[in-house]
Amino acid sequence: MRLRVPGRKRFGGIFSGDSPTFVLMFGVGFLFTAFFRTDAWHRVLFGPSVVDFPAVLGLVLLCCAVGWRSLLRRGFVWAEPAELTWMDYAQVDRRRVVATRLAGALTGFFVVIGYVAALMLAVGGGSLEWWRAAAAIVAGGTVLAFTTARRTGFRSEAAGPLLIAVAGVVIAAAKLDAPAVQYVGAALALCGLLLAFGGEAASRGGRAVLLDGWNARVLRSVAVTFLDPMMMLPESAPVGTWSVRHPTAFRLAWAGMIGRSRYAGTVLLVALAVAVGHVAVPTLPGPVLVGLGAYIALTPFGAGLGVLWRNPGRRRWLGSSSGELVVAHGVVLIVVALGWSMLLTVALFALGTAVSPLSWVMVALAVLSVLRTVTRAPVDYSSAGFVDTPAGPMPANLARQLFRGPDLLVAGILVLALVG
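Just so it is clear, the model here is predicted, and its values are computed rather than measured.

Q: Just to check I follow, could you spell out the environment of Leu402 for this structure?
A: Within the fold, Leu402 resides in helix α17 (residues 396-402). Classification of Leu402 as partly exposed rests on a relative accessible area of 23%. With 379 residues separating them in the primary sequence, Leu402 and Val23 have C-alpha atoms 24 Å apart. With residues near it in sequence (within four places) discarded, Leu402 still touches Leu227, Pro229 and Arg376.

Q: Is there a simple way to explain the packing of helix α11 (residues 264-280) against helix α15 (residues 322-350) in this structure?
A: Helices that pack against each other are described as a pair by the angle of their axes relative to one another and the distance between those axes. Packing of α11 against α15 leaves a shortest axis separation of 9 Å and a crossing angle of 40 degrees. In terms of orientation, α11 and α15 fall into the oblique class. Judged by the sense of rotation from one axis to the other, the crossing of α11 with α15 is right-handed. Listed contacts from α15 to Val267, Leu268, Val270, Ala271, Leu272, Val274, Ala275 and His278 of α11 are Trp340, Leu343, Leu344, Ala347 and Leu348. Its residues placed into classes, the contact of α11 with α15 shows 12 nonpolar, 1 polar and no charged.

Q: How should I be thinking about the side chain of Ser320 in this particular structure?
A: Along the chain, Ser320 turns up in the loop between α14 (312-318) and α15. When neighbours within four sequence positions are excluded, Ser320 is seen to be in contact with Ala249, Arg315 and Leu325.

Q: Before we go on, may I ask you to explain the packing of aromatic side chains in this structure?
A: In this description, an aromatic ring pair is defined by two values, namely the gap between the centres and the angle between the planes. Per the counting criterion, the structure on display carries 6 aromatic pairs. Consider the rings of Phe35 and Tyr115, whose centres lie 5.8 Å apart with planes at 85 degrees: the pair is edge-to-face. Remark: Tyr115 occurs in helix α5 (residues 94-124) and Phe35 occurs in the loop between α1 (19-33) and α2 (38-45); sequence separation between them is 80 residues. Using a relative accessible area of 26% as the deciding quantity, one classes Phe35 as partly exposed. With a centroid separation of 6.2 Å and 25 degrees between ring planes, the pair formed by Phe250 and Trp254 is classed as stacked. Of the two residues, Phe250 and Trp254 are both situated in helix α10 (residues 249-259); the distance of 4 residues between them amounts to about one turn of the helix. Residue Phe250 is classed as partly exposed on the basis of its relative accessible area of 44%. Trp254 sits in the partly exposed class, given a relative accessible area of 27%. Taken together, Phe32, Phe35 and Tyr115 form an aromatic cluster joined through their ring pairs.

About the criteria used
Residues numbered from 1 in each chain as written. Predicted model: local features only at pLDDT ≥ 70, side-chain atom pairs only at ≥ 80, totals over all residues. Heavy atoms only, no water. Helix = DSSP H or I, 4+ residues; strand = E, 2+ residues; numbered from the N terminus. Buried < 20%, exposed > 50% of the residue type's maximum accessible area, 1.4 Å probe, protein only. Contact = heavy atoms within 4.5 Å. Axes fitted to C-alpha atoms, helices over the stretch in contact; angles between N-to-C directions. Parallel < 35°, antiparallel > 145°, perpendicular 65-115°, else oblique. Left-handed = near helix turned anticlockwise from the far one by under 90°. Nonpolar A, V, L, I, M, F, W, Y, C, P; charged D, E, K, R; others polar. Phe/Tyr/Trp six-rings, centres within 6.5 Å; stacked < 30°, edge-to-face > 60°.

Note that every value here comes from positions in space, so none of it alone points to a role or purpose.
Written as structure tokens, this is what we have:
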């Protein structure tokens, strides 16, 4: 006998005929209309320039790297505490439940990457050889993501997405032809098949692993429900012999950066994505790519200041003023920003291109935007400030609090676009 949790809708209720079904149909229809307006999208994505298909497939491979990295977090490995109780005494296969979530996540990976590849090739007018190369990359990336995400983590798995991201840069820089790119896709599939052997399935995770995944899921859902993404700021890992026995603002900021060094791979991945995106989609202004990339890469390293800002007890223990905390963490962010800028410069040089000098101003503005983001006050729900818009009533006051930080980045992008 198979038990189900009362009131739970299968597939998230998207086939219930209610609002989720309407949103699904509207979204699918909107996405597929792009294939009937290829001329307009060609002007948007590529402008008058000739389409660089190796760079396009390099960008697709970088999308595979980003998606693979997200799957390696194994956010599908969770179970509610109540489910863990009755699953132990009912004819319910806990591993099948987790494996079903993996199948859903992998389907999303395949659909998103496949859509991006198909849209860019259709808009660019790619030949059949390039379509085969894109299919090989998407298929190989899917096989590799599946065989690694289904098993428990191993020590060097974080280097995998970085390696295929570097391969994407090589494809774009060396201008590989379609048959060579097909071999890259076959190599991805072969690596996935080799990694399928050995290791324990992630679906066999014990009670502690499932509950940790459940707690992380609850945190994400609460942050989205209450429009407070600061709840998801990453905590610092232990930093070994680095001591804060005599705490100062700068010492704590430096220790926080070292404790979040696990995000160094994200810094490299974002730098490579910005460089390849600048070549593959030449209509995107440099300030937009550099600004968004720097903001995404630096935000995890600003989490130390965000944690202190929301914890008055820690700030009293530290004994530093708010200005000292902001300056100390700003210096640390500048160090990370300089490292990210160097990686981006090397990637752009390898691709034989460059961004405008004004684009580098966005790196400094991204540092200020991150500081402004993590020092926001807790969300005030007392006055939502609803205003009427063509899309319906919108909580303007909540939106103002939510976009505190990115608003500075957007303003800088607009000013530099006008100046440029």
